[in-house]
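Chain by chain, the residues run as shown.
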Amino acid sequence: MLKPKALPKVLEQANSHGVLGSLLFRQDGALIASAVVPGKEESISRAVSAIVSNLMASFDQHHDIEYLLIECEDGNAVVTKVNKLLLCLYGKKSAELGLLKSKAHTIRSYLEVPLQQVLM
Amino acid sequence: MVEITYATFLERVIHSIPGVSAVVVSDRDGGILVKAYSNAFNTDNVDTSLGATFAVASEQAGKLGLGKNKSIINFHRDKIIVYINLHPIFISFICSSDTNCGSFTSIVPDLQRGLDGLSKAISKEDDN
């Protein structure tokens, strides 16, 4: 059985080398778990999950997107699906898209089976 | 000096990056300005709403607190779509799933130079 308190600790492991936050949320934007670096406000997580879920819904018309990579002037973000949920990692410019994608892939692989048991 | 059309310029871009099948340049309303396809590309595969979707998405992505959005890359099961924001124009590349996405970072200055006239014309229209 999945332990909800363990989720932020799992997400936190991605927060290094420029990664500012890792979020797990529903496809409607409702936040399930988040981990942000010290100094970052937790409230930002809700805003990010809302915006990113909207982006995913816009692009994923055929439900076949595996990764969404977002490059901005001051930072990057990567989004992927974990069963019926969305996982988003975002960071400073120093957190390159390839690094974010690899971290997202690792967390996704780790959470896929436990979350499947919960979400069935 | 031989002047080339925007379509010819985009065809050269297609040939310069292995895996790129189509390029569509659109304005912020999604209206297609110019497009180019490789010979093998099936034009039925083009979703004409690509540009409109990206223009809106790019604006939203700019509110993530990471600065203005520069590009978005979608990894689909069987293809990759690369979107580049060169406001006021937006460029969409449809590519095969093994395309090297890093290549697009290096061609952005060339795209800006090559499509500068088009970009300025759209800016003027927006100002009027």
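Details of the structure are given in the entry above.
Draft legend 1. Local environment of the overall build of chain B. In terms of regular secondary structure, chain B is built from four helices and five strands. Starting at the N terminus and ending at the C terminus, chain B contains elements arranged as α-β-β-α-β-β-β-α-α. Its C-alpha radius of gyration of 14 Å places chain B within 12% of the 14 Å reference for a compact globule of 128 residues. Overall size of chain B, expressed as C-alpha extent along the three principal axes, is 45 × 40 × 30 Å. Restricting the contact set of chain B to residue pairs at least 6 apart, pairs at least 24 apart contribute 51%.

Draft legend 2. Highlighting unusual backbone geometry. Across the junction of His87(B) and Pro88(B), the peptide omega takes the value 10 degrees, indicating a cis bond. Locating Pro88(B) in the fold gives a position in the loop between strand S4 (79-86) and strand S5 (89-96). We note that His63(A) has phi near 55 degrees; this positive angle belongs to a residue other than glycine. Here His63(A) shows up in the loop between helix H2 (43-59) and strand S3 (65-72). Looking at His63(A), the relative accessible area reads 56%, which means it is exposed.

Draft legend 3. Structural detail: the layout of surface pockets. Taken as a whole, the largest pocket encloses approximately 410 Å³ of empty space. Lining the largest pocket are 23 residues; nearest its centre among them are Glu71(A), Leu97(A), Lys70(B), Ser71(B) and Thr105(B). Looking at the lining of the largest pocket, the elements that each hand over two or more residues are S3 and helix H3 (97-119) of chain A together with strand S3 (69-76), S4 and helix H3 (103-114) of chain B. In terms of residue class, the lining of the largest pocket is built from ten nonpolar, eight polar and five charged.

Draft legend 4. Layout of the sheet that holds S5(B). Taken together, ten strands build an open sheet; the order of strands is S2(A)-S1(A)-S5(A)-S4(A)-S3(A)-S3(B)-S4(B)-S5(B)-S1(B)-S2(B) and the sheet is antiparallel. Edge strands, defined here as strands with exactly one partner in the open sheet, are strand S2 (31-36) of chain A together with strand S2 (32-37) of chain B. Here the strands of the sheet are splayed against their neighbours by 10 degrees on average, with no regard to which way each runs. Relative to strand S5 (residues 85-92) of chain A, strand S4 (residues 75-82) of chain A runs antiparallel, the two being bridged by eight bridges. Across the sheet, Lys81(A) pairs through a bridge with Leu86(A), a residue of S5(A).

Draft legend 5. Quick look at the interface of chain A and chain B. Taken together, the contacts link 26 residues of chain A with 21 residues of chain B. Sorting the residues of chain A by area buried against chain B places Phe59(A), Asp64(A) and Glu71(A) first, and these three jointly supply 28% of that buried surface. Between the two partners, chain A and chain B, sit one salt bridge. In this structure, the salt-bridge partner of Lys70(B) is Glu71(A), at a minimum N-O distance of 3.6 Å. Across the contact surface, chain A and chain B share twelve residue pairs in polar contact (both at pLDDT 80 or more). Looking at the side of chain A that touches chain B, the elements with two or more residues in it are H2, S3, S4 and S5 of chain A. Per element, the largest residue contribution to the side of chain A that touches chain B is eight residues, and it comes from S3(A).

Draft legend 6. A look at the side chain of Ser92(B). Residue placement: Ser92(B) occurs in strand S5. For Ser92(B), a relative accessible area of 1% translates into the label buried.

Draft legend 7. Geometry of the packing of helix H1 (residues 6-16) of chain B against H3(B). All names here are of chain B. Where H1 contacts H3, the two axes come as close as 11 Å, and the packing angle between them is 170 degrees. Classified by the interaxial angle, the pair formed by H1 and H3 is roughly antiparallel. Side by side, H1 and H3 meet where Tyr6, Phe9 and Val13 of the first sit next to Ile107, Asp110, Leu111 and Gly114 of the second. Taken together, the residues of the contact of H1 with H3 break down into five nonpolar, one polar and one charged.

Basis of the calculations
Residues numbered from 1 in each chain as written. Chains lettered and ligands numbered in written order. Predicted model: local features only at pLDDT ≥ 70, side-chain atom pairs only at ≥ 80, totals over all residues. Heavy atoms only, no water. Helix = DSSP H or I, 4+ residues; strand = E, 2+ residues; numbered from the N terminus. Rg over C-alpha atoms; globule rule 2.2 N^0.38 Å. Contact = heavy atoms within 4.5 Å. Buried < 20%, exposed > 50% of the residue type's maximum accessible area, 1.4 Å probe, protein only. 1 Å grid on protein atoms, 1.4 Å probe; cavity = no way out; pocket = protein on both sides within 12 Å on 5 of 7 lines; lining within 4 Å. Points joined across faces, edges and corners; volume = space filled by probe spheres on them. Nonpolar A, V, L, I, M, F, W, Y, C, P; charged D, E, K, R; others polar. Pairing = 2+ DSSP bridges. Axes fitted to C-alpha atoms, helices over the stretch in contact; angles between N-to-C directions. Buried area = accessible area lost by both parts, 1.4 Å probe. Salt bridge = Lys/Arg side-chain N within 4 Å of Asp/Glu carboxyl O. Polar contact = N/O pair within 3.5 Å; in protein donor to acceptor, adjacent residues only side chain to side chain. Parallel < 35°, antiparallel > 145°, perpendicular 65-115°, else oblique.

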